[in-house]
Amino acid sequence: MRAGFPDFRLGTVLATSFTATLTERQGNPVERIPTPQRLVDWLAVNGLAVDSCTDAQLDLARELRESIHLAATAAAIQDALPASAVQVINDRSTEGRAAAILTPEGERRWRLGSGSRVEDALGVIAADAVSIIAGERDGRLALCASPTCRAAFFDTSQSRTRKWCDMNTCGNRQKKARFNARQREHPESAE
Ligand SMILES: [Zn+2]
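Residues numbered from 1 in each chain as written. Predicted model: local features only at pLDDT ≥ 70, side-chain atom pairs only at ≥ 80, totals over all residues.

As recorded in an unreviewed UniProt entry, the chain goes by the name Zn-ribbon-like motif containing protein, listed as coming from Actinomadura verrucosospora.

Observations concerning the overall build of the chain
Just so we agree on the cut-off: Each helix is a run of DSSP H or I of at least 4 residues and each strand a run of E of at least 2, with the numbering of both proceeding from the N terminus. Neighbour counting defines burial: a residue surrounded by 20 or more other C-beta atoms within 10 Å of its own C-beta is buried, one with 12 or fewer is exposed, and intermediate counts give partly exposed, using backbone-placed C-beta atoms. By the convention adopted here, residues make contact when the C-beta atoms placed from their backbones lie within 7 Å.
Scanning the chain from N- to C-terminus turns up six helices and six strands. Along the chain, helices (α) and strands (β) appear in the sequence α-β-β-α-α-α-β-β-α-β-β-α when read from the amino end. When the backbone C-alpha atoms are referred to their principal axes, the chain occupies close to 65 × 40 × 40 Å. By residue count, 34% of the 191 residues in the chain fall in the buried class. At a minimum sequence separation of 6, the contacts of the chain that also span at least 24 residues come to 54%.

As for the packing of helix H3 (residues 55-76) against helix H4 (residues 83-95)
The condition that has to hold: For every element, the axis is a line fit to its C-alpha atoms; helices are fit only across the contacting stretch, and the angle between N-to-C directions ranges from 0 to 180 degrees. For classification purposes, angles smaller than 35 degrees are called roughly parallel, those larger than 145 roughly antiparallel, those between 65 and 115 roughly perpendicular, and all remaining angles oblique. Here a crossing is called left-handed whenever its near helix is offset anticlockwise from the far helix by less than a right angle, and right-handed whenever the offset is clockwise.
The interhelical angle for the contact between H3 and H4, taken along N-to-C directions, is 130 degrees, at an axis separation of 8 Å. Compared by their axis directions, H3 and H4 come out oblique. Pair H3 / H4 crosses with left-handed handedness. Here H3 contributes Glu-63, Leu-64, Ser-67, Ile-68, Leu-70 and Ala-71 to the contact with H4, which in turn contributes Ala-85, Val-86, Val-88, Ile-89 and Arg-92.

Points about the packing of H3 against helix H5 (residues 118-133)
Which entries qualify depends on this criterion: Amino acids are sorted into nonpolar (Ala, Val, Leu, Ile, Met, Phe, Trp, Tyr, Cys and Pro), charged (Asp, Glu, Lys and Arg) and polar (every other residue, Gly among them).
At a closest axis distance of 11 Å, the pairing of H3 and H5 adopts a crossing angle of 0 degrees. Classed by the angle they form, the pair H3 and H5 counts as roughly parallel. For the pair formed by H3 and H5, the contact residues are Gln-57, Leu-60, Ala-61, Leu-64, Ile-68, Ala-71, Ala-72 and Ala-75 on the first element and Val-118, Leu-122, Ile-125, Ala-126, Ala-129 and Ile-133 on the second. Tallied by class, residues from the contact of H3 with H5 come to 13 nonpolar, one polar and no charged.

Some details on unusual backbone geometry
The phi torsion at Glu-24 lies on the positive side, around 55 degrees, for a residue other than glycine. When you line up the elements, Glu-24 lands in the loop between strand E1 (22-23) and strand E2 (30-31). We classify Glu-24 as partly exposed; it has 16 C-beta atoms within 10 Å. In this structure, Arg-150 takes a positive phi of about 60 degrees despite not being glycine. Mapped onto the elements of the fold, Arg-150 is located in the loop between strand E5 (140-143) and strand E6 (152-155).

Considerations on the UniProt feature "domain: Zinc finger CGNR" (unreviewed entry) in the chain
To keep it simple, the criterion reads: UniProt positions are given in the numbering used here, feature names are shortened, and annotations may be inferred rather than shown by experiment.
Following the UniProt record, one finds the feature "domain: Zinc finger CGNR" (unreviewed entry) at residues 140-183. What you have in residues 140-183 is 39% helix and 18% strand, and the ends, taken at the C-alpha atoms, are 34 Å apart.

Quick word on the pairing of strand E3 (residues 99-102)
Our working rule: If DSSP finds at least two bridges between two strands, the strands pair.
With four bridges connecting them, E3 and strand E4 (residues 108-111) associate as antiparallel partners. Within E4, the residue paired with Ile-101 across the bridge is Arg-109. Turn length for the E3-E4 hairpin, with the two strands adjacent in sequence and antiparallel, is five residues, and the turn residue Gly-106 shows positive phi of about 85 degrees.

This is how it looks when you write it as structure tokens:
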């Protein structure tokens, strides 16, 4: 981890882990890939190591991120998908030249094109977004219950009743807020 930068919120779904590089969208937003190097770091953690990243490529990544966020949010509330967001997702998916590689151990790895371009990595993320927004994967798109977050996340729980994008942050904060509210209303029940 690099000192001075907000850490990453890593989930099990690539596309929504990527949109979680900007958190608290409805509150005080926290940018978790503030520099090209931080995007390089994030990609490496997610199995999409690239050699380098320019400012323009970081802009491209953020444009894709916000497009996925908009499209996934619309899908979660069963609204029409915003055409411009769909266009960006499709452009990034089309331009990427990554290949899925099977390792001898039977694991899937991504092989990016020559020079390990950021565009190839973004293509993988865009394709992942397509698969969850299109409803091809086992799970349900939902919006985080935290009013300062409202992130779109992919619920793969058995009951499909997950409320928060992240249990350790949004989930905990909501629980604490409810606990504090109860304490104010019934101080005599304080432990
Ligand atoms: Zn959240």
